Amino acid sequence: MYIPYSCHNVSNDDVQAVIKTLQSDWITTGPLVDEFEQAVSSFCEYDYGVAVSSGTAALHAAMFSIGVKPGDEVIVPAITFVATANAVVFQGATPIFCDVLKDSLLIDSNKVENLITDSTKAIVAVDYAGHPCDYSKLREIADKYSLPFIVDACHSLGSTYCCNKVSQYADLAVFSFHPVKSITTGEGGMLVTNDPKICEKSKSFRNHGITKDYKSRSGWDYEMTELGYNYRITDFQCALGMSQLSKLPEWVIRRNHIADYYNENLCAQIRPLSVDSNVVHAYHLYVIRSNNRDKLFTSLRKVDIGVNVHYMPVYLHPFYRDNFGTSEGLCPVAEDVYPTILSIPIFPAMSDFEVEKVTDEVNKLAQ
Ligand SMILES: *Cc1c(COP(=O)(O)O)cnc(C)c1O
């Protein structure tokens, strides 16, 4: 049986919650959207949440709501999912790629300051694999230059940093509810913030730039004040999200148990990424490093273990080479680590038997 690198976990009570909403008066942009926004934002200790159709839409709303526009630069890590940088491009701005740390693949906070120019509009960090980035240092830099600090937390819902949730540090955090992520709504995402203006702007942005509350039953008139999109999420997706969120804490624990097993039982040739002692890791991914990565990838796939690679440095994609003139040499650490990384299966519904099987196969094939 094929073991994927990640997998959603939908059970009967999730299904019932969705059915109940489908049979109610609202199937989109109704009360469940508000409920889900409140639940997620209070879970991560922010004042406001704006639920949208994907994590990518949430990143785009983030860029829009802080006013990123053509001519601006936004600092992003070299190793992340393409959407982190793409959201900058959606607003006509330029992503500036910052190198990562070789043992964690998190943005190298010591290299961020050198990239700041008069055109810099924001700093975006990614909690790669589910490990919180260097929040205190990044907050310090953001404050020094009066820049918003945004965290693409699509991997890290459920993590903590120095016992704190992200809200203590980042102006804005973004989550994805794609089926491979911590909890799912099928497709979906959310932006969380303490700034009521960012919340308001994002809510309008997800609804064509129309300022009126979609649930208002007063007059027929409305105004479109800025160009927005249809980035709305449905009520039945939020019903699924609510049901999923109630299980998140136990799922984070399960992910950590699996990671502990890997840490203790993988052979010495396999080098997992480093983990700081002051964090609770959300373990969206369990990433190993091997000098035989390509061979290991092929042989593990052959035995039905769905390993994957997260990610090629974003600026090496043809789109960025062609449109931003990026090329090899830009972020040497990222380029050095990329050929060695491999994500092995980790997800809450994975059985102990599957965890042992993956461990045995990796150890056997790594020899
Ligand atoms: C998944 C992911 C996204 C995009 O989320 P979608 O919901 O798939 O649009 C953005 N950034 C990172 C780091 C991700 O892992």
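Keep in mind it's a predicted model, so treat the numbers as computed, not measured.

Trainee: Residue-level account of the sheet that holds strand E10 (residues 271-272), with values.
Mentor: Judged by pairing direction, the sheet is antiparallel, and its three strands sit side by side in the order E10-E12-E14 without closing on themselves. One side of each edge strand has no neighbouring strand; the edge strands of this open sheet are E10 and strand E14 (341-344). Two elements, E10 and strand E12 (residues 286-289), share two bridges in a ladder whose sense is antiparallel. Note that in E12 the partner of arginine 271 across the bridge is arginine 289. Sitting on the sheet, helix H10 (residues 293-302) touches E12 and E14, and the angle it makes with E14 is about 25 degrees.

Trainee: Report on the packing of helix H9 (residues 248-265) against helix H13 (residues 352-365), specifying residues and quantitative values.
Mentor: Axis separation between H9 and H13 bottoms out at 10 Å; the angle between their running directions is 30 degrees. Taken as axis vectors, H9 and H13 run roughly parallel relative to one another. Crossing geometry of H9 relative to H13 is assigned as right-handed. On H13, the residues that touch Arg254, Ile258, Tyr261, Tyr262 and Asn265 of H9 are Asp352, Val355, Glu356, Val358, Thr359 and Asn363. Its residues placed into classes, the contact of H9 with H13 shows five nonpolar, three polar and three charged.

Each value, and the rule that gives it
- Residues numbered from 1 in each chain as written.
- Predicted model: local features only at pLDDT ≥ 70, side-chain atom pairs only at ≥ 80, totals over all residues.
- Heavy atoms only, no water.
- Pairing = 2+ DSSP bridges.
- Helix = DSSP H or I, 4+ residues; strand = E, 2+ residues; numbered from the N terminus.
- Contact = heavy atoms within 4.5 Å.
- Axes fitted to C-alpha atoms, helices over the stretch in contact; angles between N-to-C directions.
- Parallel < 35°, antiparallel > 145°, perpendicular 65-115°, else oblique.
- Left-handed = near helix turned anticlockwise from the far one by under 90°.
- Nonpolar A, V, L, I, M, F, W, Y, C, P; charged D, E, K, R; others polar.

Any functional reading would require information beyond the geometric quantities listed.
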